[in-house]
Amino acid sequence: MAQSTWHHPQSVAQTLKLLNTYAGQCVVVGGATTLALRKDKLPPHIIDLSAANLSFVRVAPASTLIGSMTRMADMSPKALPGVGGAFLAEVAAHVATTPLRNMITLGGNVAQCYAWSEMPLALLAMDATVHLRSLSSRRRIKATKFFSQSSSRIIRDGEIITQIEYPNYEAGQAAFGYEQIRRTVTDYPLLSVAVFLTQDKGIITSSHIVVGSIKTRPVLVTQPSGMMLDKAIDDIDIDLLSAKAAKDLIISSDPRASTGYKQEMVTVLCRRALSTALAGLAK
Amino acid sequence: MQVNMIINGEPKTLEAEAGDLLLDVLRRNGYKGAKKGCGHGTCGACTVLMDGRPILSCMTFAAQAEGHEIFTVEGLGSVNEPSEMQKIFVNNGAVQCGYCTPGMLLATKALLETNSDPTEEEIKRALDGNLCRCTGYVKIIKAIKEVAAAQKSH
Ligand SMILES: Cc1cc2nc3c(=O)[nH]c(=O)nc-3n(C[C@H](O)[C@H](O)[C@H](O)COP(=O)(O)OP(=O)(O)OC[C@H]3O[C@@H](n4cnc5c(N)ncnc54)[C@H](O)[C@@H]3O)c2cc1C
Ligand code: FES
Ligand code: FES
């Protein structure tokens, strides 16, 4: 096996220089929980982001920025303000197990979007923004676009995710629901459903239902989401929307559960997540 | 490659290859408390503390420990001089084959350092990454409650 070299850059600028110098021969790592499983296939240069000052939470008036090296365990409701922060904290708390939550990073979970990856669901449901930087560019990509194709297509050579931005909503302005099933605590989710709703004076102003673990990437269920728009909170027919969400989905096969079971469970989880979100708006 | 880390309070420089996992490097250097169970992140037998937090050394490259503090079960006590926590585990029958025990002890240490009076639910959550193939959870949880009480009484 050819020898690889580890680099521990102390800033984003140093990281981007290294990426430029070793273009085509390097990989960046957050928690390295995916690379550790492929340890016999390491590229010549490994750039560890853990000392690059990318673990932070910055609160601006309209939005909050979370550094891409923030670990799942650090995404607590205390650390992340607003309804969006509580939503991200809730989803992060479901990811894997305690020791893994101390390792897995937000950037790694987003960049390597597996079928089961959970943070992408929350980012899609809130239409958060992914910030990317290379030596020559800074890009901001909305989650809907970011997760519409594989990350290897969207993240360019020499580029890293530096931070994720979500809008600041006060309690009552927005609410969420998150439901999932897995066979055991160490298993990957069999199915996850995230719902994020906003309202103004009792009328739904935006609504997103996202389903995970049914395809290679999370799926934004557009039609049932759209059916809630401009409706009064009390007029939402949860059963109808949940059934519609499940009916519209094409579910990939999974050795752990039949497609029929998953379809049925989408209805159940959707109903629960929608009920929680609507109850949150009504508070 | 040389990796500098602090192990159980002592600065150490260990030899490692770029692809070496922390688990293998620790064991090669005599820290055999961390065990290889599944080797892919699901059992917790390889748990060590990095900067006070439980991590899986089978999913961590040795190179990632550069500059960090690592705490292994050897830092708690030895067969001849076990710590109070280890004694309480043994006295409660919380150790059967013992394969999961280093991970359980380290998860307990990390929990009690941030939460001195955990509820049963909090204990279960803190141990969610540590599997006991002998299924001795009831006694492990009982032991942890006793450790918490003993630490509070000091
Ligand atoms: C046993 C087990 C159970 C798990 N359960 C779950 C679960 O229930 N839910 C869930 O969501 N996840 C779960 N995961 C985690 C998931 O499968 C990935 O391992 C994890 O999300 C990767 O995060 P990381 O920080 O370790 O990324 P890394 O492994 O470091 O990186 C992953 C990829 O992203 C790239 N990358 C990392 N950071 C950046 C960045 N800032 N910019 C650009 N590219 C970057 C890397 O180059 C690499 O290609 C589980 C993992 C294991 C091992
Ligand atoms: S050996 Fe590391 S989690 Fe099983
Ligand atoms: S005591 Fe045997 S695995 Fe736990």
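Calculation notes
Residues numbered from 1 in each chain as written. Chains lettered and ligands numbered in written order. Predicted model: local features only at pLDDT ≥ 70, side-chain atom pairs only at ≥ 80, totals over all residues. Heavy atoms only, no water. Contact = heavy atoms within 4.5 Å. Buried area = accessible area lost by both parts, 1.4 Å probe. Salt bridge = Lys/Arg side-chain N within 4 Å of Asp/Glu carboxyl O. Polar contact = N/O pair within 3.5 Å; in protein donor to acceptor, adjacent residues only side chain to side chain. Helix = DSSP H or I, 4+ residues; strand = E, 2+ residues; numbered from the N terminus. Nonpolar A, V, L, I, M, F, W, Y, C, P; charged D, E, K, R; others polar. 1 Å grid on protein atoms, 1.4 Å probe; cavity = no way out; pocket = protein on both sides within 12 Å on 5 of 7 lines; lining within 4 Å. Points joined across faces, edges and corners; volume = space filled by probe spheres on them. Domains from an automatic or database assignment.

Enquirer: I'm lost on the interface of chain A and chain B in this one. Help?
Expert: Interfaces are often described in size by the accessible area the parts lose on coming together. Taken residue by residue, the interface counts 26 residues in chain A and 23 residues in chain B. In total, about 2,200 Å² of surface goes out of reach between chain A and chain B, with carbon and sulfur atoms giving 61% of it. Its largest share of buried area at the contact with chain B, chain A owes to Trp 6, Pro 99 and Met 103 of chain A, together 24% of the area lost on that side. Remark: the boundary between chain A and chain B carries two salt bridges. Close ionic contact of Arg 101 of chain A with Asp 128 of chain B constitutes a salt bridge, the shortest N to O distance being 3.1 Å. Between chain A and chain B we count nine residue pairs in polar contact (both at pLDDT 80 or more) in total. The dominant element in the side of chain A that touches chain B, judged by the number of residues it contributes, is helix 3 (residues 98–101) of chain A, at four residues. Considering only residue class, the side of chain A that touches chain B consists of twelve nonpolar, ten polar and four charged.

Enquirer: How should the layout of surface pockets be read in this particular structure?
Expert: Rolled over the atoms, a probe as big as a water molecule pinpoints where empty space is left. Roughly 670 Å³ of internal volume is contained in the second largest pocket. Forming the walls of the second largest pocket are 23 residues, and the residues nearest its centre are Thr 98 of chain A together with Leu 111, Thr 114, Arg 125 and Ala 126 of chain B. For the lining of the second largest pocket, the element with the highest residue contribution is helix 3 (residues 101–114) of chain B, accounting for five residues. When its residues are assigned to classes, the lining of the second largest pocket shows ten nonpolar, six polar and seven charged.

Enquirer: Mind showing me how you'd approach the domain arrangement of chain A here?
Expert: Domain annotation for chain A reports domain 1 (5–51), domain 2 (57–167) and domain 3 (174–282). Of note, the centres of domain 1 of chain A and domain 3 of chain A, computed from C-alpha atoms alone, are 36 Å apart.

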